[in-house]
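Commentary on secondary and tertiary structure
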Amino acid sequence: MNKRAVSIALLSLALAANAVSAGGDGTKNPVDDFFKAFNAQPDTFAEYRFLTSPAVQQDAQTRNMASQMLATHLSFLGRPMDALRAFPYRGNSAPESDLPLPSDWRALPASEWISAQAGDYRVVMLNEAHHAPHTRVLTLALLQPLREQGYTHLAVEALVNDGTDPMPSGYPVRKTGIYTRDPVFAELLREALRLGYRLVPYETPNKPGERQQDRETGQAQAIADLLAREPSAKVLVHAGYAHIGEAQQGLPDDARPMAMELARLTGLPVLTIDQTSTRSYETADIDTVGQRLARQFALSAPSVLLSRDGAGPWSYRPGLNDVSVLLPAAPAGQAQRPDWLSLGGRRGVVAIDLTPCAGHLPCLAEARHADEGDEAIPADQFLMLATSEASTPLYLAPGKYRLRLAGADGGTLLDRPLQVPSPDANLPFAKTP
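A short tour of the structure in this document, coming up. Worth saying up front: this structure is predicted, and the values here are computed from it rather than measured.

**Some points on the overall build of the protein**
- Scanning the protein from N- to C-terminus turns up twelve helices and 14 strands.
- A buried classification covers 54% of the 433 residues belonging to the protein.
- Of all intrachain contacts in the protein linking residues separated by at least 6 positions in sequence, the fraction that spans at least 24 positions is 72%.
- In the form shown here, the protein has an accessible surface area of approximately 18000 Å², with 51% of it arising from carbon and sulfur atoms.

**Quick word on the environment of Gly170**
- Relative to the helices and strands, Gly170 resides in the loop between strand 3 (153-156) and helix 9 (183-195).
- With 20 residues separating them along the chain, Gly170 and Arg190 place their C-alpha atoms 7.4 Å apart.

**Observations regarding the packing of helix 2 (residues 30-39) against helix 5 (residues 60-76)**
- The N-to-C vectors of helix 2 and helix 5 enclose an angle of 30 degrees; their axes lie 10 Å apart at closest approach. Regarding the angle of helix 2 to helix 5, the classification is roughly parallel. Helix-helix and strand crossings are classified by hand; for helix 2 and helix 5 the assignment is right-handed. Across the interface between the two elements, Pro30, Val31, Phe34, Phe35 and Phe38 from helix 2 touch Gln61, Thr62, Met65, Ala66, Met69 and His73 from helix 5.
- Grouping the amino acids of the contact of helix 2 with helix 5 by side-chain chemistry returns eight nonpolar, three polar and no charged.

**So, the pairing of strand 6 (residues 271-274)**
- Taking every second residue as pointing to the same face, both faces of strand 6 are buried, with Leu271 and Ile273 on one and Thr272 and Asp274 on the other.
- Bridge analysis of strand 2 (residues 123-128) against strand 6 gives three bridges, and the strand direction is parallel. Bridge pairing links Leu126 to Ile273 in strand 6.
- With two bridges joining them, strand 6 and strand 8 (residues 323-324) adopt parallel strand pairing.

**Looking at the nonpolar core**
- In terms of nonpolar packing, the biggest core is built from 50 residues, with Ile114, Val124, Leu143, Leu154 and Leu189 touching the most fellow members.
- If we ignore the near neighbours within four places in the chain, the residues touching Leu154 are Leu143, Leu188, Leu189, Ala192, Tyr197, Arg198, Leu199, Val200 and Leu236.
- With 19 residues, the next largest nonpolar core counts Phe35, Val56, Ala83 and Leu364 among its residues.

**Some points on the packing of aromatic side chains**
- Counted under the stated rule, the structure contains four aromatic pairs.
- On the basis of an interplanar angle of 40 degrees and a centroid distance of 5.5 Å, the ring pair of Phe34 and Phe50 is categorised as tilted. Highlighted residues: Phe34 in helix 2 and Phe50 in helix 3 (residues 44-51), separated in sequence by 16 residues. Each member of the pair Phe34 and Phe50 is classed as buried.
- For the pair Trp314 and Tyr316, a centre-to-centre distance of 6.0 Å together with 45 degrees between the ring planes defines the contact as tilted.
- The partly exposed category is assigned to Tyr316, whose relative accessible area is 26%.
- By the ring-pair criterion, three or more aromatic residues cluster together here, those being Phe34, Phe35, Phe38 and Phe50.
- The cationic tip of Arg49 hangs over the ring face of Phe45; the distance from NZ or CZ to the ring centre is 4.6 Å.
- Here the guanidinium or amino end of Arg147 rests over the ring plane of Tyr197, the centre of that ring lying 5.7 Å away.

**A look at the state of the cysteines**
- Applying the stated rule across the entire model yields one disulfide.
- Note on cysteine connectivity: Cys357 is disulfide-linked to Cys363, with sulfurs 2.0 Å apart. Where Cys357 bonds to Cys363 through sulfur, the torsion about that S-S bond is close to -50 degrees, and the disulfide is left-handed.
- Residue class for Cys357 comes out buried when judged on its relative accessible area of 0%.

**Observations concerning the sheet that holds strand 6**
- Overall, parallel pairing links the six strands, which are arranged 4-3-5-2-6-8 in an open sheet. Because the sheet does not close on itself, it has two edges, and the strands there are strand 4 (198-201) and strand 8.
- In this fold helix 8 (residues 137-148) packs onto strand 2, strand 3 and strand 5 (235-240), with an angle of close to 175 degrees to the strand it touches most, strand 5.
- In this fold helix 10 (residues 212-229) packs onto strand 2, strand 3, strand 4 and strand 5, with an angle of close to 175 degrees to the strand it touches most, strand 5.

Basis of the calculations
Residues numbered from 1 in each chain as written. Predicted model: local features only at pLDDT ≥ 70, side-chain atom pairs only at ≥ 80, totals over all residues. Heavy atoms only, no water. Helix = DSSP H or I, 4+ residues; strand = E, 2+ residues; numbered from the N terminus. Buried < 20%, exposed > 50% of the residue type's maximum accessible area, 1.4 Å probe, protein only. Contact = heavy atoms within 4.5 Å. Areas by Shrake-Rupley, 256 points an atom, 1.4 Å probe, with all protein chains shown as cover. Axes fitted to C-alpha atoms, helices over the stretch in contact; angles between N-to-C directions. Parallel < 35°, antiparallel > 145°, perpendicular 65-115°, else oblique. Left-handed = near helix turned anticlockwise from the far one by under 90°. Nonpolar A, V, L, I, M, F, W, Y, C, P; charged D, E, K, R; others polar. Pairing = 2+ DSSP bridges. Core = buried A, V, L, I, M, F, W, Y, C linked by side-chain atoms within 4.5 Å. Phe/Tyr/Trp six-rings, centres within 6.5 Å; stacked < 30°, edge-to-face > 60°. Lys NZ or Arg CZ within 6 Å of the ring centre and 35° of its normal. Disulfide = S-S within 2.5 Å.

Take a look at the structure:
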């Protein structure tokens, strides 16, 4: 994980825990004031408005902090392409000679390959980029096939670990976690519960003076304790970035990653699946290893590359992760709401009339399940920033929802029921009235 990625991850965790306190000498500190004001915001939309407010943007120090956080908030608010543009990759890519060629390798859907391997393990780990919801779609796709193979627990780094049930009402809310405020992540958690998984928060509580190694070992110990308590347990782990490394590389202070520590503590083999190091999720204008390979192999779904001579799967970081997953390349000029938001066909495009938002920008359209409370993370939402976006759709599964439009001050512009019918066998998802 690069230093910038570490920064945004740890910063968000600090915010969640209200970890930043005022200075003890009585002097005003703009950083302390920034965090206090941010943590006082009631919801994600209010946090976004705070981060983009003149008071924050006119001060160089707070503007820099806000820029690191805006990418995550844009991803929460249904603007995944803007999130990627706000936090682009600027590293060096590997030379072409070091990359696999279609003549020597073949592509296979990642969910198919992982499902075929999972029976040989008690622990399967995938990672995500925290500002890229696309890196959560594969974990969602794996829930059903791995449940059928006896997987019992979904361990999620993003869940708040305070000793309480992170989802007591059966659906994710603001207190469930930071990154789980993303509707795609929320859908992953809902589906896990529906299938009978038990959710496992395993992030270590924030402690003054905590080292990176303390965090990694603490995470691993929480999962190791579960495996020891329940000999029949099989765990799917969804983590961030370099935590799933099987060797000492990629973390501050040369810390041993969680996956490496878990193998040490349990003696168990761990299947580690990397989705972040190739940066295949980046926008089309960013040249990355992942983008190049996804185009070269003409990928249409998250995929792994298998050697044609039977030598095994390709890993961009051999010895660190067992296999690298490549996401389909982003086409040039990709829409703000890409079609992977259909989540493998479980959701369809639903047209929403956003014209009431005109004159009230930024404006948030959010659709909540009708049987969930006002505090529930929406099934989908979209932050409208320009009048030209008034025809932007939501992605929703068939069912009953409550549609709310909130204007620039957070006040309600519209609140009405919304029913998404099951699609006709010969028609795309129906447009709602």
